[in-house]
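Structure assessment
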Amino acid sequence: MKYSIGVIVCAAGKGARAGFDKNKLLVPFQGSTALEKTLSAFDFPTIDEIVITASQTDFAEISALCQPFSRTRVVVGGDTRFASVYNALQTVSSDIVLIHDGARPFVTREIIERCIHSVKSFGSGVCALPCTDTIAVAEKGKIANVPDRNTLWQIQTPQGFFKENLLSAYTQAFENAETTYTDDSSVFAAFCGKPTLCEGAKENIKLTHASDFTDNHSRCGFGVDTHAFGKEQTYITLGGVKIPAESGLIAHSDGDVLVHALMDALLSAAGLKDIGYYFPDTDEKWKNADSMKMLERVVSMLAQEGYGINNVSIAVQAEKPRLAKYIDEMKNRLSSTLKIDPTAVGITAGTNEGLGYVGEGKGITVHAYALLKK
């Protein structure tokens, strides 16, 4: 049976804990707003309608913000999340409804589809993650008891249900107003039955405090470098490893083209200048310099900017020499300098099938990607 799918996005709160002078969902966030990012996550063909709750204060601004998104409409919310969802539920025409916090902009299509599948299979789908920390129940600042964490889950959104069931539960809860409900699963549990959990995600966080809106997301960078053969020596240096070769690579430093490309990727990800700025070939200090020492300096520069390295991926294009048996050693040298696990260093090596300067054995080109974490 084909079911229509509706979504209620809760956006009627004030977000007081974030300390902004307006609704936190409407402040600038990663190039747009948190609400726009949330709506984008649900803007795909499976979703038939999206209802956004808004306060009277924000109604006009949220209505304008929603214009680019298809199948959306805005309704006035209430003084509480419960009241806002109840108001919106009465306008939803779809068979299945997902309730989602507007302040969870990192929800993915995969999470959403898992939630929908759970509703179709079991009548409900509440995104959640098992607790990994010990949770204590406290009384007056002291631990009263410690529940078994194997029975504890962190509840997220979306939370999905058949619309008629959830509306019935909300109506009964509204008529029994002495109980407070913090989410939709608790309303469903009180009047319909035990909701079914489905897999959430660590990344599906809720933006709550001002610090959640700071620039703490990952940054990626790309670097590329090329060096020509022709130096009178019997080896080349790649990733800090000396490899036998017919001649060396021409460069001001030791010619480690792999490390040079990687340095540019790291500097680019952090928004810094390129290696030519920090290690100019006009400075005798860097003549025949060990590129791994230069890489150490770049890692220190990143740390000063507040960045650590998540992982790097490097592709070497070289017709000669053959590199396969040196890759593990290169990974180990780089991981030690970058202060990451060797599994976070990816190195691939390939030829250029005889084409161009690489294919003719005249030089080596390296492409490098890096992902930084704040």
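Thresholds applied
Residues numbered from 1 in each chain as written. Predicted model: local features only at pLDDT ≥ 70, side-chain atom pairs only at ≥ 80, totals over all residues. Heavy atoms only, no water. Core = buried A, V, L, I, M, F, W, Y, C linked by side-chain atoms within 4.5 Å. Buried < 20%, exposed > 50% of the residue type's maximum accessible area, 1.4 Å probe, protein only. Helix = DSSP H or I, 4+ residues; strand = E, 2+ residues; numbered from the N terminus. Contact = heavy atoms within 4.5 Å. Pairing = 2+ DSSP bridges. Right-handed = clockwise from strand over helix to strand, strands pointing away. Salt bridge = Lys/Arg side-chain N within 4 Å of Asp/Glu carboxyl O. Phe/Tyr/Trp six-rings, centres within 6.5 Å; stacked < 30°, edge-to-face > 60°. Lys NZ or Arg CZ within 6 Å of the ring centre and 35° of its normal. Axes fitted to C-alpha atoms, helices over the stretch in contact; angles between N-to-C directions. Patch = residues over 30% accessible without salt bridge, like charges linked within 9 Å, V, L, I, M, F, W, Y side chains within 5 Å. Areas by Shrake-Rupley, 256 points an atom, 1.4 Å probe, with all protein chains shown as cover. Nonpolar A, V, L, I, M, F, W, Y, C, P; charged D, E, K, R; others polar.

Some words on the nonpolar core
With 51 residues, the main nonpolar core has L266, I314, L334 and L338 as its most contacted residues. Here this core takes 10 residues from helix 7 (residues 257-269), the largest share from any one element. Beyond its immediate stretch of four places on either side in the chain, L266 contacts L295, V298, L302, I309, V312, L338, A370 and L372. Within the second largest apolar cluster, 38 residues are counted, among which are V74, V119, F162 and F213.

Concerning the pairing of strand 5 (residues 72-76)
Pairing geometry for strand 4 (residues 49-54) and strand 5, over five bridges, is parallel. Each bridged residue has a counterpart across the sheet, and for I50 the counterpart in strand 5 is T72. Handedness of the β-α-β unit built from strand 4, helix 2 (residues 59-65) and strand 5 comes out right-handed.

Thoughts on the pattern of salt bridges
Side-chain pairs of opposite charge can arise whenever the charged atoms involved come near each other. A complete count under the given rule lists 11 salt bridges for this structure. With its nearest N and O atoms 3.1 Å apart, the salt bridge here joins R81 to D184. Here D184 lies in helix 6 (residues 184-191) and R81 lies in helix 3 (residues 81-89), a separation of 103 residues in the sequence. Taking relative accessible area as the criterion, D184 reaches 0% and is therefore assigned buried. Of the charged contacts in the structure, one is a salt bridge between R104 and D101, with a shortest N-O distance of 3.2 Å. Assigned by exposure class, R104 and D101 land together as buried. Connected through salt bridges with shared partners, the residues R81, D101, R104 and D184 form a single ionic network.

Remarks on the packing of aromatic side chains
On inspection of all chains with the given rule, the structure shows 12 aromatic pairs. An angle of 25 degrees between the planes, with centres 4.8 Å apart, marks the rings of F82 and Y170 as stacked. Here Y170 lies in helix 5 (residues 163-175) and F82 lies in helix 3, a separation of 88 residues in the sequence. By the burial criterion, F82 is buried, and Y170 matches it. A ring pair is formed by Y86 and Y170, whose centres lie 6.4 Å apart and whose planes are at 10 degrees; its orientation type is stacked. Highlighted residues: Y86 in helix 3 and Y170 in helix 5, separated in sequence by 84 residues. For the pair Y86 and Y170, a shared accessibility class is recorded, and that class is buried. Following the ring pairs from residue to residue traces out a cluster consisting of F82, Y86, Y170, F174, Y181 and F191. The ring of Y277 carries the charged tip of K273 above its face, separated from the ring centre by 5.0 Å. In this structure, K320 is placed above the aromatic ring of F229, and the distance from its NZ or CZ to the ring centre is 5.8 Å.

Focus: the pairing of strand 17 (residues 345-350)
Regular strands show a simple pattern: their side chains alternate between the two faces of the sheet. When strand 16 (residues 308-317) meets strand 17, the two strands line up parallel, connected through six bridges. In the sheet register, Q317 faces strand 17, and the bridge partner there is G350. Viewed along the sheet, the connection from strand 16 through helix 10 (residues 327-338) into strand 17 turns out right-handed.

Quick look at the sheet that holds strand 16
Through backbone hydrogen bonds, the strands of a sheet pair up, either in parallel or in antiparallel fashion. One open sheet holds the five strands; their spatial order is 15-12-18-16-17, and the pairing between them is mixed. A strand with exactly one partner marks an edge of an open sheet, and here the two such strands are strand 15 (248-249) and strand 17. The pairing of strand 12 (residues 219-231) with strand 15 spans two bridges and is antiparallel. Residue F229 lies in a different strand from strand 15, and its bridge partner there is L249. Seen against the sheet, helix 7 touches strand 12, strand 15, strand 16 and strand 18 (363-373) and runs at an angle of roughly 155 degrees to strand 12.

So, the environment of S63
Take S63: it is sitting in helix 2. The exposure class of S63 is buried, given its relative accessible area of 18%. Along the primary structure S63 and V298 are separated by 235 residues, whereas in three dimensions their C-alpha atoms are 47 Å apart.

Here's the deal with a nonpolar patch on the surface
A contiguous nonpolar surface patch, about 260 Å² in accessible area, is contributed by W153, I155 and L197. Along the chain, I155 turns up in strand 10 (residues 153-162).

Description of the packing of helix 9 (residues 291-304) against helix 10
Across the interface, helix 9 lies against helix 10 with an axial gap of 9 Å and an inter-helix angle of 35 degrees. For the pair formed by helix 9 and helix 10, the contact residues are M292, L295, E296 and V299 on the first element and R333, L334, T337 and L338 on the second. Its residues placed into classes, the contact of helix 9 with helix 10 shows five nonpolar, one polar and two charged.

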